[in-house]
Amino acid sequence: MTKKQKTKKIIKIMNDKFGNPECALNFTTPFELLVAVILSAQCTDKRVNIVTEEMYKHVNTPEAFAAMPVEEIERHIKSTGFYRNKAKNIKAASMEIVEKYNGEVPQGMDELTALAGVGRKTANVVRGEVWRLASGITVDTHVKRLTNLIGLVKGDNPIIIERELMEIVPQDHWIDFSHYLILQGRDVCVARRPRCTECELNELCNYGRKIMRNLSKK
DNA sequence: CTCCCGATAT
DNA sequence: ATATCAGGAG
């Protein structure tokens with residue numbers, strides 16, 4: 001079976017399981033989502049939602065963050081980790097959005113990734129969720145781990161993984177595909193100890209097949 | 001490549 | 001105790 005055929009089966013199985021997946025990060029505006037995704041680096045989305053729910057009661061616009069002392073931003077976001085870098089980036093990105101884009105989050109990949117603390121992963125999430133724009137595929141820790149285990153890609157470099165996936169995944173599923181693997185990665189194929197016996201993808205996964213073979217040998 | 005970093009599950 | 005969590009910058 002080719003990687004493309006395997007991928008189509010994975011998408012179907014995941015669609016049957018998860019339906020149309022929704023963003024796990026809570027937000028009410030494009031800017032709120034942008035900040036939430038910046039905060040989500042090396043942090044659970046659950047923790048991000050706890051922080052943003054409280055913080056957005058006080059500040060939720062680029063104008064407000066641009067005017068706020070970094071120390072105050074740090075206090076709000078401390079529990080998400082990397083809080084000094086994240087606070088500095090959120091303030092700098094907010095100032096740039098106010099000054100260069102009239103307070104509106106830009107839609108272009110180049111404009112987004114030029115913002116402080118915004119890389120391809122963050123830009124892909126915001127573009128996909130807010131405007132359904134898919135010029136790339138979101139590659140986070142889950143997508144990286146599962147695509148390697150399944151055998152769709154090889155290696156650690158998210159830029160290369162994204163390029164290889166764009167050759168394999170049909171373009172009309174670029175947004176869903178990442179969502180599905182992230183949900184499966186949180187829920188079943190967890191990093192510490194993937195639960196292959198209860199995974200719907202184990203027959204399509206190189207790692208899963210190996211685990212299941214070893215189990216059946218007793 | 002290293003550094004940033006708190007919370008949580010195991 | 002330690003690995004991991006919707007990464008990005010220098």
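Quick caveat, the model's predicted, so the values are computed rather than measured. (Residues numbered from 1 in each chain as written. Chains lettered and ligands numbered in written order. Predicted model: local features only at pLDDT ≥ 70, side-chain atom pairs only at ≥ 80, totals over all residues. Heavy atoms only, no water.)

1. Side note on the environment of Thr 122
(1) Moving on: Along the chain, Thr 122 turns up in helix α8 (residues 120-131).
(2) Moving on: Thr 122 sits 86 residues away from Ala 36 along the chain, and the two C-alpha atoms are 9.4 Å apart. (Helix = DSSP H or I, 4+ residues; strand = E, 2+ residues; numbered from the N terminus.)

2. Some words on the nonpolar core
Grouped burial of nonpolar side chains is what soluble globular proteins tend to show.
(1) Moving on: Formed by 33 residues in total, the largest nonpolar core has its most connected members in Leu 34, Leu 39, Met 55, Phe 65 and Ile 77.
(2) Moving on: Breaking this core down by element, the ones donating at least two residues are α2 (30-39), α3 (45-58), α5 (70-77), α6 (83-101), α7 (109-113) and α8.
(3) Moving on: For this core, the leading source of residues is α2, giving eight residues.
(4) Moving on: Once you skip the residues sitting within four places of it in the chain, Leu 39 turns out to touch Val 48, Val 51, Thr 52, Met 55, Ile 77, Thr 80, Lys 86 and Ile 90.
(5) Moving on: Core analysis: the second largest hydrophobic core is formed by 24 residues, Ile 137, Val 139, Leu 165 and Val 169 among them. (Core = buried A, V, L, I, M, F, W, Y, C linked by side-chain atoms within 4.5 Å. Buried < 20%, exposed > 50% of the residue type's maximum accessible area, 1.4 Å probe, protein only. Contact = heavy atoms within 4.5 Å.)

3. Comments concerning the pattern of salt bridges
(1) Moving on: For the coordinates displayed, the defined rule picks out nine salt bridges.
(2) Moving on: When the shortest N-O distance is used, the salt bridge between Lys 12 and Asp 16 registers 3.1 Å. One end of the pair, Lys 12, and the other, Asp 16, are both in helix α1 (residues 3-18), four residues apart, so they sit about a helical turn from each other. Neither residue differs from the other here; Lys 12 and Asp 16 are each classed as exposed.
(3) Moving on: Its salt-bridge partner being Lys 144, residue Asp 156 comes within 3.6 Å of it at the nearest N-O pair. One end of the pair, Asp 156, is in the loop between α9 (141-150) and α10 (158-168); the other, Lys 144, is in helix α9, and 12 residues separate them in sequence.
(4) Moving on: It is possible to trace a salt-bridge network through shared partners that takes in Lys 17, Asp 187 and Glu 200. (Salt bridge = Lys/Arg side-chain N within 4 Å of Asp/Glu carboxyl O.)

Function-wise, these values are silent; they only describe arrangement.
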